[in-house]
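# Architecture at a glance
One-letter residues, chain by chain:
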Amino acid sequence: MTIINITKRLMAILLSLLLIAMLVLTWLIYDADRHIPKYIPTEKTVYLNQGWGEDAHSPQRQTYYYTPQGTSLKGIEYSWLAHLEMPWGREPFSSPEHLRAYGFIVDDNPSEANPFQYPLGFTKHVDAQSNRELLDISCATCHNGQLNFTKEGKRYALRIDGGQAMHALTTMQLGQFVPTLVAAMTSTYLNPLKFDRFATKVLAQQDNKATKDDLKDRFAQVLGRFLRQGYNDVSKGLYPVVEGYGRTDALTRIGNTVFGDNLSEENYHKATGPVSYPPLWNIWKFNWVQYGASVKQPMARNMGEALGVGAHIALVDANGEPLPPEQRFTSSVLPEQIFSIETTLQQLTPPQWPEDIFGKIDREKAEQGQQLFQQHCVGCHGPHPASSMVKQIEAPLKSPEQPLWIMSEIPVNDVGTDPNAAYNFISYQFDLSKTGLTNEEIVQKVRTMNIRQLQRIANVILASDRLVAFLKQPNPQARMLSYNTDWVDQHPEAFKHIEQQFSHWQSKYSDVSGLAAQISEQGNLEIQEDIKTALIQKEIEALDAALAKLSVDKLTVGEALNITGMILREKYYQDNDFSAEKRACMDGFGALDLPQQKMIYKSRPLEGIWATPPFLHNGSVPNIYQLLSPVSERDGSFWVGQREYDPVHLGYVTEENAGHGFKFDTQLPGNKNIGHEFRAGYVPYKLGNPPQYGVIGPELSPDERMAIIEYLKIHKDSPESDVVHADVSNPLTQCQGL
């Protein structure tokens, strides 16, 4: 064969490969585009006055949108995003139109806090090690909503501050934000012309060969982290349930990030319980947050979220070996900035129905709906204000005007909704032994926090100075308690009755204010003190029995995050010489970090719920009308991605021709639209009845459903919703001087 023939064959092969590559590339672009909602610009942004005014750049709005919390998107620097080009062409990757097409909310104009006009929540912090400004993804990215509506030919965008996002930030599907960002970075790194344009803009006056080489090295490191993460997630099949728009498997992703990426691949778990981003108004009033009512301390909740979004935490050294105790759990999390965000949210009120855009309220129908709401909804959704006694224990720094609401905790078998999120939370286990932590250390951390809770109970409910003093000892043990009489042994039934009432002190169904009087009826002061002593002794014994089951190599995600958070906070507070009073204030009204793990979902109060579609914890029901309907009348699949609002049924328009990017299939595990059902066959709940498996009320007629919908447009949880509870000018005022 001649050289010419060989050359021709090689050319033919190369051309064939090039053609195949072009076809594959064309298919990838086309396939990726199918998953992106059609971008339809809006003409006017309307800011509902939710306590932050109606100005886009109001101080509270800017504080919430652009205060960093110490996170990092694989170490990408803040200015890089502004100067990246799309993978194919020179169009800016960060153009507002492009980012809005992904579902992000982008303000109409730049501001001092957001000079590049990034999406809400895209901000920056200075990395302590490199002294460089890193891109910081804050909570506003996922907890802000927008409802689009066309009226008289004009397209409105209603901003729902603290509402539900409708992006796919965590999705690795081709065409979405992160995969396209990685493609843009890859093409920039490989294409000298692209990189030169990028470097010239990033470096500005410092542009020279040395700085450009250094930039390329840093750029390669960040790109490598993205590629390794993508390969890891795909090769291990960590995210089998496609989350789509407006949801993420938050707790599993946090566990995978904090304890898988940073510690051991044995800690990875499959994310099969995606949840919608919940609205944030009034959450500072809740005694429990998260869908599973698993966390009660605001700082613990927010630090866990920051770690899951990419805040750095030192768990082991570069060789995977334990760090010295004094270096362990050093983190980039910014507690004071997190507290600033949290306090700003205390001024956020639920959105009020805009009659001038969505239409007038039918007051007569709303009145009928209110009666139905009281009959079928308020029992679970409340709100249920805590007694002053419970409030002194749970949130002792709250003023009399600052409420505490007790959340209803509904067993999964009763509410009947998709169980995956609840089941994964209590069943997935994590091994923290590589950090060097021991069982003794974690038990002592958790025990100390629980003993502090018992101190409050002994003080507030039992009014026993003796027991408070006992519980303030360094390591109080149940066996150290002594009795003056034999009353407890001689009256087991009477004591059992008192113990049962005492054990339910936190429930909205129990009133413990009369417990002291009941104890006083049993005998003299010595007997009364013995009863109180026995109650605390039983609590300590139960605590120690539960702690004996803790093992550092088999912790649930709640236990692992609880222990990690406690150590992280203590280290930060100690390093910054915070007083005990300031620590309690920063933690959130003195709330203690005492998580719980149950197969439950909480029922949140419903003011403003009309602005937060889709519904149920996993976003499996597109509108409130269907939520009030039997499962047989709910959509088995529907489209999401767009924000076009349906003010009749209170949800998004879900037809495919509306330009959506994701088909939600309710037949898949984690996506089930079962439960919370009003249908024929309902048996009213009575103590001792078997669970109804999701049938929570009788079948409602279409007119009754529409009446409840009309009422929900104007429903208020309580008059307290309109009260401002924090200093507007400086959220940190609460803790200053402590």
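Presented here is an overview of the structure given in this document. Note on numbering: residues in each chain are counted from 1, in written sequence order. This being a predicted model, a pLDDT of at least 70 is required before a residue's local features are given, and a value of 80 or more before pairs of side-chain atoms are given or counted; all residues contribute to the totals for chains, interfaces and linings. Excluded from the side-chain calculation are hydrogens and water; included are all heavy atoms of the structure.

### A word on the overall build of the chain
- When you go through the chain residue by residue, the secondary structure sums to 26 helices and 19 strands.
- By the compact-globule yardstick of 27 Å for 738 residues, the chain fits well, its C-alpha radius of gyration being 28 Å.
- Across its three principal directions, the C-alpha atoms of the chain cover 110 × 65 × 55 Å.
- Sorting the 738 residues of the chain into buried and exposed places 56% on the buried side. Per the convention used, a helix needs a DSSP run of H or I reaching at least four residues, while a strand needs a run of E reaching at least two, with both numbered from the N terminus. The atom set for the radius of gyration is the C-alpha atoms, and the globule formula is 2.2 Å times the number of residues raised to the power 0.38. Using a 1.4 Å probe on the protein chains alone, a residue whose accessible area is under 20% of its type maximum counts as buried, one over 50% counts as exposed, and one in between counts as partly exposed.

### Observations concerning the packing of helix H9 (residues 298-309) against helix H23 (residues 557-575)
- Between N-to-C directions, angles span 0 to 180 degrees; the directions come from axes that are lines fitted to C-alpha atoms, helices contributing only their stretch in contact. With their axes 10 Å apart at the nearest point, H9 and H23 run at an angle of 100° to one another. By the angle between their axes, H9 is roughly perpendicular relative to H23. On H23, the residues touching Met-299, Ala-300, Met-303 and Leu-307 of H9 are Thr-564, Leu-568, Arg-569 and Tyr-573.
- Put simply, Ala, Val, Leu, Ile, Met, Phe, Trp, Tyr, Cys and Pro go in the nonpolar bin, Asp, Glu, Lys and Arg in the charged bin, and everything else, Gly too, in the polar bin. Here the residues of the contact of H9 with H23 are counted per class, giving 6 nonpolar, 1 polar and 1 charged. Working rule for angles: under 35 degrees goes down as roughly parallel, over 145 as roughly antiparallel, 65 to 115 as roughly perpendicular, anything else as oblique. The criterion used for residue contact is that any of the two residues' heavy atoms lie within 4.5 Å.

### Quick notes on the pattern of salt bridges
- A pairing counts as a salt bridge when a side-chain nitrogen of Lys or Arg comes within 4 Å of a carboxyl oxygen of Asp or Glu. Per the stated rule, a full pass over the model turns up 29 salt bridges.
- Its salt-bridge partner being Arg-155, residue Glu-644 comes within 2.7 Å of it at the nearest N-O pair. Highlighted residues: Glu-644 in the loop between strand S14 (637-640) and strand S15 (645-646) and Arg-155 in strand S5 (residues 154-161), separated in sequence by 489 residues.
- We classify Arg-155 as buried; its relative accessible area is 11%.
- Arg-705 is the partner of Glu-633 in a salt bridge, and the nearest nitrogen-oxygen pair spans 3.0 Å.

### A few points about the packing of aromatic side chains
- Each aromatic pair joins two rings of Phe, Tyr and Trp (for Trp, the six-membered one) with centres within 6.5 Å, and gets the label stacked for planes under 30 degrees apart, edge-to-face for over 60, and tilted for any other angle. Applying the stated rule across the entire model yields 33 aromatic pairs.
- Both rings, one in Trp-80 and one in Phe-219, keep their centres 5.3 Å apart while their planes meet at 45°; by these two values the pair is tilted. You can see Trp-80 sitting in helix H3 (residues 80-83) and its partner Phe-219 sitting in helix H7 (residues 209-235), a full 139 residues away along the chain.
- Within the aromatic cluster, the residues linked to one another by ring pairs are Phe-93, Tyr-102, Phe-104, Phe-122 and Phe-177.
- One residue, Lys-216, lies across the ring of Tyr-189, its end atom 5.0 Å from the ring centre.
- A ring is scored as having a charge over it whenever the NZ atom of a lysine or the CZ atom of an arginine sits within 6 Å of its centre and within 35 degrees of its normal. Sitting over the ring of Phe-195, Lys-216 keeps its end group 5.0 Å from the ring centre.

### Thoughts on unusual backbone geometry
- Cis rather than trans, the peptide bond between Gly-382 and Pro-383 has omega equal to 10°.
- Note that Pro-383 resides in the loop between helix H13 (378-381) and strand S8 (384-385).
- Of note, the bond from Pro-613 into Pro-614 is cis; its omega dihedral lies within 30 degrees of zero at -10°.
- A positive phi angle is found at Lys-74, which is not glycine, with a value near 60°.
- When you line up the elements, Lys-74 lands in the loop between helix H2 (59-66) and H3.
- Judged by its relative accessible area of 27%, Lys-74 falls in the partly exposed class.
- The phi dihedral of Glu-152 is positive, around 55°, even though this residue is not glycine.
- As for its position among the elements, Glu-152 is in the loop between strand S4 (144-151) and S5.
- Assessed through its relative accessible area of 79%, Glu-152 is described here as exposed.

### A look at the sheet that holds S5
- Pairing in this open sheet of 3 strands is mixed, and the strands run S1-S5-S4 from one edge to the other. The sheet is open, and its two edges are formed by strand S1 (44-47) and S4, each paired on a single side. The mean angle between the axes of side-by-side strands here comes to 25°, regardless of whether they run parallel or antiparallel.
- Bridging between S1 and S5 involves 4 bridges; their strand directions are parallel. Bridging across to S5, Lys-44 finds its partner in Tyr-156.
- Lying on the sheet, H2 is in contact with S1, S4 and S5; it crosses S5 at an angle near 75°. A pair of strands is considered paired only if DSSP assigns at least 2 bridges between the two.

### Topic: the packing of helix H5 (residues 177-190) against H7
- Where H5 meets H7, the axes come as close as 10 Å, and the angle between the chain directions of the two elements is 145°. For the crossing formed where H5 meets H7, the hand is left-handed. On H7, the residues touching Val-178, Leu-181, Val-182, Met-185, Thr-186, Thr-188 and Tyr-189 of H5 are Lys-216, Phe-219, Ala-220, Val-222, Leu-223, Phe-226 and Leu-227.
- Split by residue class, the contact of H5 with H7 holds 11 nonpolar, 2 polar and 1 charged. Each crossing is labelled by how the near helix is turned from the far one, with a counterclockwise turn of less than a right angle marking it left-handed and a clockwise turn marking it right-handed.

### Re the environment of Arg-479
- Residue position: Arg-479 is located in the loop between helix H18 (465-471) and helix H19 (487-490).
- The exposure class assigned to Arg-479 is exposed, which follows from its relative accessible area of 69%.
- Expressed as a C-alpha distance, the spacing of Arg-479 and Ile-540, which sit 61 residues apart in the sequence, is 9.5 Å.

Bear in mind that shape data such as this cannot, by itself, settle questions of function.
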